[in-house]
Amino acid sequence: MAQVQRARPHMFDVTPEEISRLVCCFYARIRVDNVLGPVFSAAIEDWPAHEAKILAFWRGAILREPGYEGNPMQVHLSNSEILPEHFPRWLELFRDTANRELKPETAAAFANLADRIGNGLSYGIENFRKPEGAPPVLA
Amino acid sequence: MAEALPKGAVHYATSRFTQDTLPEKLRKDHSTKAGVWGQLAVQSGRLLFRREDKAEVIVEAGGTAIFAPQEIHSVEALGAVEFEVRFHRQEVSDAT
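Per an unreviewed UniProt entry, the recorded name for chain B is TehB/YeaR-like domain-containing protein, and the organism is Phaeobacter porticola.

Per an unreviewed UniProt entry, chain A goes by the name Hemoglobin, trunc and belongs to Phaeobacter porticola.

This is the structure:
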């Protein structure tokens, strides 16, 4: 019954340089954001290292390049300062930065991917942290 | 760790998959029967999780997601992935 599912070569057309530009511009805005800035500042000591890691994450997710071996869910869960309500702001800022820095079709594809990942992380945090016996988060 | 399932749900089976062993059935719309909840748990890589009338989500390594009894859903491997589906049965207290 098992069938081989071929991995797609990449999720959408974007260059490593475009990803790098987006990451750089996005975190520049994160650092001065009233809501997210303090959360990130408390968690990240080495911004160049963080941006390099995030760049590898996106290159892995979109371009299927090796390099990122982290566990995003665990990282977000282990930081109790990260709340589900932070994700909409993060995603809004990301989409806006993508629209500023990338071609419209690339920006849309990138932001849509971020939405799906962000929502997955947000639901995961809600489910892991919810009181025992409370209804599960389904959407 | 709080379990993201209804109180009283009892785990009774787990199925493990990779991008190479993911059956066609799971990649197409399907659902569990009444009373059966599922929990996706991704060990490595990432999995696209689709549910009827809900936004798609990507479950990253270390993450989980829940589907409710009879909820139409499907999954897609986004590159190399290892994940499991943990099935839970909701105990019915008012059964005859």
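K.L.:
Explain the confidence of the model for chain A to me, please; I cannot follow it from the model alone.
P.N.:
Interpretation of the predicted coordinates at a detailed level should be avoided for regions scoring low in pLDDT. With 87% of its residues at a pLDDT of 70 or more, chain A has an overall mean of 89. Across chain A, the secondary-structure element scoring lowest on mean pLDDT is helix α4 (residues 72-78) of chain A, at 89, and the one scoring highest is helix α1 (residues 16-31) of chain A, at 98.

K.L.:
Can you help me understand helix α5 (residues 86-101) of chain A in this one?
P.N.:
One turn of an α-helix holds 3.6 residues; hence residues three or four places apart share an orientation. Residues and elements named next belong to chain A. Spanning 16 residues, α5 covers 23 Å between terminal C-alpha atoms, matching the ideal 22 Å at 1.5 Å per step. Of the residues making up α5, those classed as buried are His86, Phe87, Trp90, Leu91, Leu93, Phe94, Thr97 and Ala98. Considered in projection along α5, the buried side chains sweep an arc of 165 degrees and stay on one side of the axis. In α5, those exposed residues whose orientation departs by more than 90 degrees from the buried face are Pro88 and Arg100. Against the buried residues of α5 lie α1, α2 (36-43), α3 (47-63), α4 and α6 (104-129).

K.L.:
What is the right way to read the sheet that holds strand β2 (residues 36-44) of chain B from this model?
P.N.:
Within a beta sheet, neighbouring strands are joined by backbone hydrogen bonds and run either parallel or antiparallel to one another. All names here are of chain B. Read from one edge to the other, the open sheet built from four strands follows the order β1-β7-β2-β5, with strand pairing classed as antiparallel. Of all the strands in the sheet, the pair left with one neighbour each is β1 (9-18) and β5 (64-67). Here the average twist between neighbouring strands, direction ignored, is 20 degrees. As judged from the nine bridges shared by β1 and strand β7 (residues 82-90), these two strands associate in the antiparallel manner. Directly across from Val10, in β7, lies its bridge partner Arg89.

K.L.:
Help me out: how do you make sense of the pairing of β7 of chain B in this one?
P.N.:
The two faces of the sheet receive side chains in turn, since in a regular strand these alternate between them. Here eight bridges tie β2 of chain B to β7 of chain B, and the two strands are oriented antiparallel to one another. Among the inter-strand pairings, Gln39 of chain B is bridged to a residue of β7 of chain B, identified as Arg86 of chain B.

K.L.:
Help me out: how do you make sense of the side chain of Ser74 of chain B in this one?
P.N.:
By the secondary structure assignment, Ser74 of chain B is in strand β6 (residues 73-77). In contact with Ser74 of chain B, other than residues within four places in its own chain, are Leu26, Arg27, Lys28, Asp29, His30, Leu48, Phe49 and Arg50 of chain B.

K.L.:
Help me understand the nonpolar core, please; the structure alone is not making it clear to me.
P.N.:
Note that soluble globular proteins tend to have their nonpolar side chains buried in a common cluster. In terms of nonpolar packing, the biggest core is built from 41 residues, with Tyr27, Ile30, Trp58, Ile62, Trp90 and Phe110 of chain A touching the most fellow members. Every element with two or more residues in this core is listed here: α1, α2, α3, α4, α5 and α6 of chain A. In terms of residue count, α6 of chain A provides more of this core than any other element does, eight residues in total. When neighbours within four sequence positions are excluded, Trp90 of chain A is seen to be in contact with Phe26, Tyr27, Ile30, Leu36, Phe40, Trp58 and Ala114 of chain A. If you look at the next biggest cluster of nonpolar residues, it comprises 19 residues, including Leu40, Leu47, Val57 and Val59 of chain B.

Procedures and definitions
Residues numbered from 1 in each chain as written. Chains lettered and ligands numbered in written order. Predicted model: local features only at pLDDT ≥ 70, side-chain atom pairs only at ≥ 80, totals over all residues. Heavy atoms only, no water. pLDDT = per-residue confidence, 0-100. Helix = DSSP H or I, 4+ residues; strand = E, 2+ residues; numbered from the N terminus. Expected span 1.5 Å × (residues − 1). Buried < 20%, exposed > 50% of the residue type's maximum accessible area, 1.4 Å probe, protein only. Arc of directions from axis to C-beta. Contact = heavy atoms within 4.5 Å. Pairing = 2+ DSSP bridges. Axes fitted to C-alpha atoms, helices over the stretch in contact; angles between N-to-C directions. Core = buried A, V, L, I, M, F, W, Y, C linked by side-chain atoms within 4.5 Å.

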